[in-house]
Amino acid sequence: WQNDVIKYMSFFSNKWYTMIDYIWKEGTHLKIAISSDHGGNNLRKEIMALLDELAISYEDFGPQNDDSVDYPDYARPVAERVAAGEFDRGILICGTGIGISIAANKFKGIRCALVHDVFSAKATRCHNDSNILAMGERVIGPGLAREIVTTWLNTEFEGGRHVRRVEKISELEA
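Residues numbered from 1 in each chain as written. Predicted model: local features only at pLDDT ≥ 70, side-chain atom pairs only at ≥ 80, totals over all residues. Heavy atoms only, no water.

Q: Would you explain helix 7 (residues 142-154) in this entry?
A: In this model helix 7 runs 18 Å from its N-terminal to its C-terminal C-alpha over 13 residues, within 8% of the 18 Å that 1.5 Å per residue would give. Among the residues making up helix 7, those that are buried are Ala 145, Arg 146, Ile 148, Val 149, Thr 150, Thr 151, Trp 152 and Leu 153. (Helix = DSSP H or I, 4+ residues; strand = E, 2+ residues; numbered from the N terminus. Expected span 1.5 Å × (residues − 1). Buried < 20%, exposed > 50% of the residue type's maximum accessible area, 1.4 Å probe, protein only.)

Q: For this particular structure, what's the right way to read a nonpolar patch on the surface?
A: On the surface, Ile 98, Ile 102 and Leu 114 cluster together to form a nonpolar patch covering roughly 260 Å² of accessible area. Of note, Leu 114 is situated in strand 4 (residues 112-114). (Patch = residues over 30% accessible without salt bridge, like charges linked within 9 Å, V, L, I, M, F, W, Y side chains within 5 Å. Areas by Shrake-Rupley, 256 points an atom, 1.4 Å probe, with all protein chains shown as cover. Salt bridge = Lys/Arg side-chain N within 4 Å of Asp/Glu carboxyl O.)

Q: Help me understand the environment of Asn 65 in this model?
A: Counting through the fold element by element, Asn 65 comes out in the loop between strand 2 (57-60) and helix 4 (71-83). Linking Asn 65 and His 38, residues 27 residues apart in sequence, is a C-alpha distance of 7.5 Å. Here the side chain of Asn 65 touches Asp 67 through a polar contact of 2.9 Å, landing on its backbone nitrogen. (Polar contact = N/O pair within 3.5 Å; in protein donor to acceptor, adjacent residues only side chain to side chain.)

Q: Got a minute to help me understand unusual backbone geometry in this structure?
A: Backbone phi values are negative for most residues with the exception of glycine, while trans is the configuration of most peptide bonds. The linkage connecting Gly 62 with the following residue, Pro 63, adopts the cis geometry, with an omega of 5°. Tracing the backbone through its elements, the reader meets Pro 63 in the loop between strand 2 and helix 4. For Ala 55, which is not a glycine, the phi torsion comes out positive at approximately 55°. Note on placement: Ala 55 falls in the loop between helix 3 (41-53) and strand 2. Positive phi is not limited to glycine here, since Asp 129 has a value of about 50°. Within the fold, Asp 129 resides in the loop between helix 6 (118-126) and strand 5 (132-136).

Q: Could you clarify how one ought to interpret the pairing of strand 2 in this entry?
A: Side chains on a regular strand alternate between the two faces of the sheet. One ladder, built from four bridges, connects strand 1 (residues 31-36) with strand 2; its direction is parallel. Opposite Ala 33, over in strand 2, you have Glu 59 as the bridge partner. (Pairing = 2+ DSSP bridges.)

Q: How should I be thinking about the packing of aromatic side chains in this particular structure?
A: The description of an aromatic ring pair uses the distance of the two centres, along with the angle that the planes make with each other. Under the counting rule described, the total for this entry stands at one aromatic pair. One cation-aromatic arrangement involves Lys 31 over Phe 87; the distance from NZ or CZ to the ring centre is 4.9 Å. (Phe/Tyr/Trp six-rings, centres within 6.5 Å; stacked < 30°, edge-to-face > 60°. Lys NZ or Arg CZ within 6 Å of the ring centre and 35° of its normal.)

Q: What's the story with the pattern of salt bridges in this structure? I'm lost.
A: Where side chains of opposite charge bring their charged atoms close, a pairing between them can arise. Across all of its chains, the model carries seven salt bridges by this definition. In the salt-bridge network here, residues are joined through shared partners; they are Glu 46, Glu 53 and Arg 146.

Q: Is there a simple way to explain the packing of helix 3 against helix 7 in this structure?
A: Axes are the key here: two packed helices are described by the angle between their axes and the distance separating the axes. Direction vectors running N to C along helix 3 and helix 7 enclose 50°, while the axes themselves pass 10 Å from each other. When the interaxial angle is binned, helix 3 and helix 7 end up oblique. The hand of the helix 3/helix 7 crossing is right-handed. In this structure, helix 3 uses Leu 43, Glu 46, Ile 47, Leu 50, Leu 51 and Glu 53 to contact helix 7, whose residues at the interface are Pro 142, Ala 145, Arg 146, Val 149, Thr 150 and Leu 153. Tallied by class, the residues present in the contact of helix 3 with helix 7 amount to eight nonpolar, one polar and three charged. (Axes fitted to C-alpha atoms, helices over the stretch in contact; angles between N-to-C directions. Parallel < 35°, antiparallel > 145°, perpendicular 65-115°, else oblique. Left-handed = near helix turned anticlockwise from the far one by under 90°. Contact = heavy atoms within 4.5 Å. Nonpolar A, V, L, I, M, F, W, Y, C, P; charged D, E, K, R; others polar.)

Q: What is the right way to read the sheet that holds strand 1 from this model?
A: In any sheet, the strands associate via hydrogen bonds between backbone groups, in a parallel or an antiparallel arrangement. Taken in spatial order, the five strands of this open sheet run 2-1-3-5-4, and their pairing is parallel. Across the chains shown, the open sheet's two edge strands, defined by having one partner strand only, are strand 2 and strand 4. Across the sheet, the axes of successive neighbouring strands diverge by a mean angle of 20°, strand direction being ignored. Pairing of strand 4 with strand 5 involves three bridges; the strand directions are parallel. Directly across from Cys 112, in strand 5, lies its bridge partner Ile 132. Sitting on the sheet, helix 4 is in contact with strand 1, strand 3 (89-94) and strand 5, with an inclination near 170° to strand 3. Contacting strand 1, strand 3 and strand 5, helix 7 runs over the sheet at an angle of about 170° to strand 5.

In structure tokens form, the structure reads like this:
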């Protein structure tokens with residue numbers, strides 16, 4: 001059935017074909033941790049719907065309502081679990097993406113990239129091997145956010161000369 005889905009999706013969009021082909025054909029079954037603060041709730045729900053459409057496994061770390069919360073409290077469970085290897089990657093969303101990305105980057109082994117365009121989504125995976133994506137709901141709309149997430153999930157780390165640079169980033173961690 002997976003091949004039928006791939007053929008069907010490829011008829012409509014090579015981008016979707018590429019994503020599904022990467023997940024199934026390559027044997028990659030990504031597991032994503034996702035969270036937001038109150039300022040990112042709507043976009044988080046949109047991204048979870050995208051993950052459902054792409055049949056990507058994820059765990060939602062909240063919040064479960066629109067009450068005001070502190071973004072470090074919601075960056076923590078995602079960053080801790082990605083750093084521990086429980087999840088392949090994480091997605092964090094707040095109003096601007098700034099605060100939640102700063103909080104996530106305090107955890108050893110985390111390379112959280114704040115992204116608001118498709119080029120940066122690809123570059124941060126290719127060159128920086130980012131393992132958490134941060135976005136701002138007040139900065140971008142759901143359509144662009146879906147493209148960013150799809151690109152980010154579908155892009156692999158290039159390795160090569162970038163390995164040395166990522167290792168140097170890791171050496172900076174206390």
